[in-house]
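So you can see what is in the structure, the chains are spelled out below.
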Amino acid sequence: MYRRVLSALAAAALLTLPASATASHSAAAAVVMDAGSGRVLYAHNAHEPRLIASITKLMTALVAVESTPDLTAVVTVDGAWLEGAEGSSIYLAPGDQLTLETLLYGMLLESGNDAAMVVAGYCAGDVDTFVEWMNLRAADLGMADSHFENPSGLNAEGHCSSAYDMALAAQACLEHEVIARIVATKSITLEGRTFYNHNKLLSLYDGCVGMKTGYTQLAGRTLVSCAQRGEQRVIVVTLGDPNDWEDHMALLDYAFDTWPLREILPAGEEVTTLPVTDSLVPTVEVEALESISYPLTPEEEQRVEVTLSLPQQAAAPLEEGAIAGEARATLDGEVIGSTYLVYARQVYANLFETRSPLERILDFFGGWLAGPAQAALPAEAWSAVFFTA
């Protein structure tokens, strides 16, 4: 993909919230993030490490599908993997055989701690190794406030994350079609087992595409949700929130209403023309390869600037779609998105400008005699043969 946009971490570091940004909720910690750009739209104790309960399973799912993409693989439950799998369960027993896909649904919809342990043990060979993978992947995502001790989210010393880190994890999960499909499922029956999603927002909030619930007595209620309006998706994370359903709906509305996704530069839009040398064609159009979009308030939108980085002229031949330069969008001097600029059409070189008219004619008919393919010149090349001085 040619478009280059800021990572979630860079976007959060570069852009601060408007001074008027306020939101009401009951959470001990919260983050609202635009999923596409990674822009943090609201934050409260965003980097405070806390117990996170079963929203841990988002990281478990991410590592599982990345390490073992074959969801049809049949898993035989090893009793050793079930050790310590207390709490919520899909009632697995040693020797049970289920596909990895079924286990993932049981883990993410029913929040089965036993399913999480079996997924981890199967994917890595043992649970401890899988947990090491979780921590490595978290570091790759920039989750600096996180450390995992198990794949289920049960309380454990040192097992923690932050609202911001879990938004990063959610953002990564949404990029995987498998996980996105599972967390958006209200209920499903697989291999004789029916799973119901604990996430009430799938029914309560129009546009909700799921994510994950969690609860332990020490962690309190934890919740990661995502909803979509048009092309925009917003992630909300709350930790220690006794009123999470209502708070998430309010925070989602707040984000969509305050920072709607705005298209700054549409894909395919002509941005300028460049003079062309070494061709009968005097100019060539340059267009945006991909769109630049970003969540902005109306006031912020007025402060966005788009700058073009292009040569003063282009030398033929030019291929349609070849990279000509780059467009960058900035808000108050900080880059919020960029895309390559490409030539909108092909431009042929004047191959005969250094030869006499007679030599051009001989060259042309020599090519025609050599075969039809060589004679099939574009109209501008024919013009170059006969009319270029």
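Predicted model only: the values in this text are computed from it and were never measured. (Residues numbered from 1 in each chain as written. Predicted model: local features only at pLDDT ≥ 70, side-chain atom pairs only at ≥ 80, totals over all residues. Heavy atoms only, no water.)

Trainee: Go over the overall build of the protein with me, naming the residues and quoting the values.
Mentor: Within the protein, the secondary structure is distributed over 13 helices and 17 strands. Every one of the 389 residues in the protein was classed for burial, and the buried ones make up 50%. Residue pairs at least 24 apart in sequence account for 65% of intrachain contacts in the protein once pairs closer than 6 positions are excluded. Only carbon and sulfur atoms are counted for the fraction: they give 52% of the accessible area of the protein, which is about 17300 Å². (Helix = DSSP H or I, 4+ residues; strand = E, 2+ residues; numbered from the N terminus. Buried < 20%, exposed > 50% of the residue type's maximum accessible area, 1.4 Å probe, protein only. Contact = heavy atoms within 4.5 Å. Areas by Shrake-Rupley, 256 points an atom, 1.4 Å probe, with all protein chains shown as cover.)

Trainee: Tell me what's going on with the sheet that holds strand 9 (residues 232-239), and back it up with residues and numbers.
Mentor: Spatial strand order, 2-1-9-8-7: five strands in an open sheet with antiparallel pairing. A single partner strand is all that each edge strand has here, and the edge strands are strand 2 (40-44) and strand 7 (208-216). Shown here is a sheet whose adjacent strand axes are inclined to one another by a mean of 5°, direction ignored. The pairing of strand 7 with strand 8 (residues 220-229) spans seven bridges and is classified as antiparallel. The partner of Thr-213 across the bridge, within strand 8, is Leu-223. Most of the contacts of helix 6 (residues 163-174) go to strand 1 (residues 29-34), to which it runs at about 35°, and overall it touches strand 1, strand 2, strand 7, strand 8 and strand 9. (Pairing = 2+ DSSP bridges. Axes fitted to C-alpha atoms, helices over the stretch in contact; angles between N-to-C directions.)

Trainee: Tell me about the packing of helix 2 (residues 57-67) against helix 4 (residues 113-124), residues and numbers included.
Mentor: Between helix 2 and helix 4, whose axes approach to 10 Å, the crossing angle comes to 30°. Judged by the inter-axis angle, helix 2 sits roughly parallel to helix 4. In the crossing of helix 2 with helix 4, the sense of the turn from one axis to the other is left-handed. Touching Lys-57, Thr-60, Ala-64 and Ser-67 of helix 2 are Asn-113, Ala-116, Val-119 and Cys-123, all from helix 4. (Parallel < 35°, antiparallel > 145°, perpendicular 65-115°, else oblique. Left-handed = near helix turned anticlockwise from the far one by under 90°.)

Trainee: I'd love a proper account of the packing of aromatic side chains, names of residues and values included.
Mentor: Scanning the model with the defined rule gives two aromatic pairs in all. Between the aromatic rings of Phe-130 and Trp-133, the centroid separation amounts to 6.3 Å while the plane-to-plane angle is 45°, which identifies the pairing as tilted. With Phe-130 and Trp-133 both in helix 5 (residues 127-140) and three residues apart, the pair spans about one turn of that helix. For Phe-130, a relative accessible area of 0% gives the class buried. Take Trp-133: its relative accessible area is 31%, and that puts it in the partly exposed class. Their ring planes at 85° and their centres at 5.6 Å tell us that Tyr-254 and Trp-259 sit as a pair that is edge-to-face. (Phe/Tyr/Trp six-rings, centres within 6.5 Å; stacked < 30°, edge-to-face > 60°.)

Trainee: If you had to explain the sheet that holds strand 15 (residues 314-315) to someone new, which residues and values would you point to?
Mentor: Read from one edge to the other, the open sheet built from six strands follows the order 14-16-17-12-11-15, with strand pairing classed as mixed. On the outer flanks of this sheet lie strand 14 (304-309) and strand 15, each paired with one strand and no other. As judged from the eight bridges shared by strand 16 (residues 323-331) and strand 17 (residues 334-343), these two strands associate in the antiparallel manner. Counterpart to Glu-326 in the pairing with strand 17 is Tyr-340.

Spatial relationships are all this shows, so hold off on functional conclusions.
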